[in-house]
Amino acid sequence: QVQLVESGGGLVQAGGSMRLSCAASGGTFSSSALGWFRQAPGKEREFVAAINWNGGLLYAESVKGRFTFSRDNAKKTVYLQMNSLKPEDTAVYYCVIRASGFSGSPSSFGQYDYWGQGTQVTVSS
């Protein structure tokens, strides 16, 4: 059983920055792939970014160049650095984890085994 705890959400003005963290417990973190998804009110869940066990990265087009996903295996934590935030980035952000490397598209929620409770990010205009 793997548990994920997100932190770092809150309220920020458009153009600002925010860093989300996701700490994992249980499982073998270093061989796991992780991702971030988000869901805004009234909208479907949306892929944001993914990182494979070997550091390979994938970003949604909507965040490419603004968001940076990184991992610290020693701390069993991943980070999502979000810059140049826009009101449309407002959503609940969920950290997800897969016990091994990707077998399909990292942008598919079905690739992941566990997810956290989510953290709210609100970007004001």
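For every chain, the first residue of the written sequence is number 1, and numbering continues from 1 along that sequence. Thresholds applied to this predicted model are a pLDDT of at least 70 for local features of residues and 80 or more for the giving and counting of side-chain atom pairs; totals over whole chains, interfaces and linings are not thresholded and use all residues. Only hydrogens and water are removed before side-chain values are computed, so all heavy atoms of the structure are retained for them.

Some details on the state of the cysteines
Linking two cysteines covalently through their sulfur atoms gives a disulfide.
Here comes step 1: A pair of cysteine sulfur atoms is labelled a disulfide when the two atoms are within 2.5 Å. Scanning all chains against the criterion turns up 1 disulfide.
Here comes step 2: Here C22 connects covalently by a disulfide to C95, the sulfurs 2.1 Å from one another. Between C22 and C95, the S-S dihedral sits near -85°, and the bridge is therefore left-handed. Of the two residues, C22 sits in strand β3 (residues 18-25) while C95 sits in strand β9 (residues 91-98), which places them 73 residues apart along the sequence. For the residue pair C22 and C95, the accessibility class agrees, reading buried in each case. Numbering of helices and strands runs from the N terminus, with a helix taken as a DSSP run of H or I at least four residues long and a strand as a DSSP run of E at least two residues long. For the exposure calls, accessible area comes from a 1.4 Å probe over protein chains only, and a residue counts as buried if that area is under 20% of its type's maximum, exposed if over 50%, partly exposed in between.

A closer look at unusual backbone geometry
Here comes step 1: One non-glycine residue with positive phi stands out, namely K76, at about 55°.
Here comes step 2: Relative to the elements of secondary structure, K76 occurs in the loop between β7 (67-72) and β8 (77-82).

Quick look at the packing of aromatic side chains
Here comes step 1: Aromatic contacts are taken between Phe, Tyr and Trp rings whose centres are within 6.5 Å, Trp giving its six-membered ring; a plane angle under 30 degrees counts as stacked, one over 60 as edge-to-face, and the others as tilted. One pass over the full model with this rule turns up 5 aromatic pairs.
Here comes step 2: Taking the centre distance of 5.2 Å and the plane angle of 90° together, the rings of F37 and F109 count as edge-to-face. Taken together, the residues F37 in strand β4 (residues 33-39) and F109 in the loop between β9 and β10 (114-115) connect sequence positions 72 residues apart.
Here comes step 3: Residue F109 is classed as buried on the basis of its relative accessible area, which comes to 17%.
Here comes step 4: Residues F102 and Y112 carry aromatic rings whose centres are separated by 5.7 Å and whose planes lie at 80° to one another, so their mutual orientation is edge-to-face. One end of the pair, F102, is in the loop between β9 and β10; the other, Y112, is in the loop between β9 and β10, with 10 residues separating them in the sequence. Neither F102 nor Y112 differs from the other in exposure class; each is buried.
Here comes step 5: What links up through ring pairs into an aromatic cluster is the set F37, F47, F102, F109, Y112 and W115.
Here comes step 6: The residue whose ring lies beneath R45 is F109, and the NZ or CZ to ring-centre distance is 3.6 Å. The rule for a charge over a ring is simple: NZ of Lys or CZ of Arg within 6 Å of the ring centre, and within 35 degrees of the ring normal.

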